[in-house]
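Examining the three-dimensional arrangement
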Amino acid sequence: MSEKLKFNIFTIVLVGAFMSSTVSFAQTGVIEKIRKNPKAPFSYAELSVKDGGKWEGDQYVGGTFKNIQELTLPEAHTDHSTYIRYEGIGLENNQIGYRLYLDWRNATDIFGKKVNTLVLPDVGQDGFESYHHDAPWGQDVLKSGRTIGVGSYGRYDEQNDYVETFKIVKSTTAKVTNEKDRSFATIDYKGWKTWGNAVDLQSKLTIFPKDRFVKVDLSLSNTLSGLCTGLVAIKNIPLKQGISKDKKWAYIATYGNQTETKKDDNLGMAVFYPLENFDKYVKTKSTHTVIFKKTKNVSYYFMGAWSLEPNGLTTEEAFYQDLDKKLDLLDKNNQL
């Protein structure tokens, strides 16, 4: 390990420890406030990392999880480093939970909930892989694999028919914020290199104390072609597309038995996107991909709906009726 790398890791561990002691109280306050009135509408964003352990190569050994508000990823961090609880940022409300992997994968995953109370602060505390298994609160229901999951973002490589994620980035800094009427994560990727010149990208993922959707706002330092979002393509699950009456917004969506629960359950997933930014749709080997026109800024929405959630959308018909209502809202208000 180089001296520079050792210094960077040492510095970030120190900063992380400082942030844990000064910010965890604020996060604890948010959790306590939600739990005082457990069934009231809420939104919650979370970031939790280990403190008190040490890096051994790309693995973080020992330590305990503490919630923090902001983190610049250590250079040693990668997938399965066991440093970040459930490997990323969490977003949750009464109906659903999501996590965005804070590593090169940058996929968004779905935590299906069987309760309408707060669960994320306890997820992953009792074992790194525990949330993949059925629990009273629910479980991780989506196998995103080597894709961007549901509604995450990347750059479509037309030559190789592939969505490039964040394998080459100078630095990644993530911050979570909880406000009265919304919770969000802001992620700054500096020096994102795919092909051509590197760019900086800031993403903002916002969840609200209602419904299941997340709003995504992407801002780039320079215009970029191929910026995209999409849905993991599950075998034998058909894609459906919808366009709003005034042709301002559209969606791609899937519905069916596409979870990894091994149960007779169903999952619906959708991405809503503005047609003024839309370039084309492409189906790669593993991803239903919405590609945007060359741009510096774009906003869109994604959502999941698990059939086993309380009072959930339990049929394909109910799911697509819900999507059509959202299209009408987007036509009228340009937002959900």
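All of these numbers come straight from a predicted model, not from anything done at the bench. (Residues numbered from 1 in each chain as written. Predicted model: local features only at pLDDT ≥ 70, side-chain atom pairs only at ≥ 80, totals over all residues. Heavy atoms only, no water.)

Further remarks concern the pairing of strand 9 (residues 108-113). The element strand 9 is largely enclosed, with a buried count of six among its six residues. Residue alternation in strand 9 divides its side chains into two sets, T108, I110 and G112 and D109, F111 and K113, and both sets are buried. Where strand 8 (residues 96-101) lies against strand 9, five bridges are found, and the strand directions are antiparallel. Bridge assignment links I96 to a residue of strand 9, and that residue is G112. In this structure, the hairpin formed by strand 8 and strand 9 is closed by a connection of six residues, where N106 is found at a positive phi of approximately 55°. Examined bridge by bridge, strand 9 and strand 10 (residues 138-140) share three bridges and lie antiparallel to one another. When the bridges of strand 10 are listed, K113 appears paired with G138. (Buried < 20%, exposed > 50% of the residue type's maximum accessible area, 1.4 Å probe, protein only. Helix = DSSP H or I, 4+ residues; strand = E, 2+ residues; numbered from the N terminus. Pairing = 2+ DSSP bridges.)

Spatially, the five strands line up as an open sheet ordered 12-11-17-22-21, and their pairing is antiparallel. Looking along the sheet, the strands with just one partner apiece sit at the ends: strand 12 (162-164) and strand 21 (278-283). Neighbour-to-neighbour, the strand axes of the sheet open up by a mean angle of 40°, direction not taken into account. Examined bridge by bridge, strand 11 (residues 150-157) and strand 12 share three bridges and lie antiparallel to one another. By the bridge assignment, R155 is partnered in strand 12 with E164. (Axes fitted to C-alpha atoms, helices over the stretch in contact; angles between N-to-C directions.)

Glancing now at the side chain of T186. Mapped onto the elements of the fold, T186 is located in strand 14 (residues 183-192). Beyond its immediate chain neighbours, meaning those up to four positions away, T186 contacts T173, A174, K175, Q202, S203 and K204. (Contact = heavy atoms within 4.5 Å.)

Structurally, T229 can be placed in strand 17 (residues 227-232). Here T229 is in contact with I148, G151, S152, V271, H288, T289, V290, F292 and Y300, once residues within four sequence places are set aside. Polar side-chain contacts of T229 include one of 3.4 Å to the side chain of Y300. (Polar contact = N/O pair within 3.5 Å; in protein donor to acceptor, adjacent residues only side chain to side chain.)

Counting 72 residues, the largest nonpolar core has I110, Y153, F272, Y273, M303, F319 and L323 as its most contacted members. Here this core takes seven residues from strand 23 (residues 295-306), the largest share from any one element. Every residue in contact with F272, bar those within four places of it in the chain, is listed here: W249, A250, Y251, Y300, Y301, M303, L323, K326, L327 and L330. (Core = buried A, V, L, I, M, F, W, Y, C linked by side-chain atoms within 4.5 Å.)

On to the packing of aromatic side chains. What describes a pair of aromatic rings is the distance from one ring centre to the other and the angle between the planes of the rings. Considering all chains together, one arrives at 19 aromatic pairs under this definition. Look at F208 and F213: their rings are 5.7 Å apart centre to centre, the planes differ by 45°, and that puts the pair in the tilted class. In this pair, the class of F208 matches that of F213, namely buried. Counting every residue linked through ring pairs, the aromatic cluster contains Y251, Y255, F272, F319 and Y320. In this structure, R105 packs its charged tip against the face of Y101, placed 3.9 Å from the ring centre. The cationic tip of K240 hangs over the ring face of Y320; the distance from NZ or CZ to the ring centre is 4.6 Å. (Phe/Tyr/Trp six-rings, centres within 6.5 Å; stacked < 30°, edge-to-face > 60°. Lys NZ or Arg CZ within 6 Å of the ring centre and 35° of its normal.)

We now examine the side chain of D322. For D322, the location among the structural elements is in helix 2 (residues 316-333). Setting aside residues no more than four positions away along its own chain, D322 makes contact with M303 and L313.

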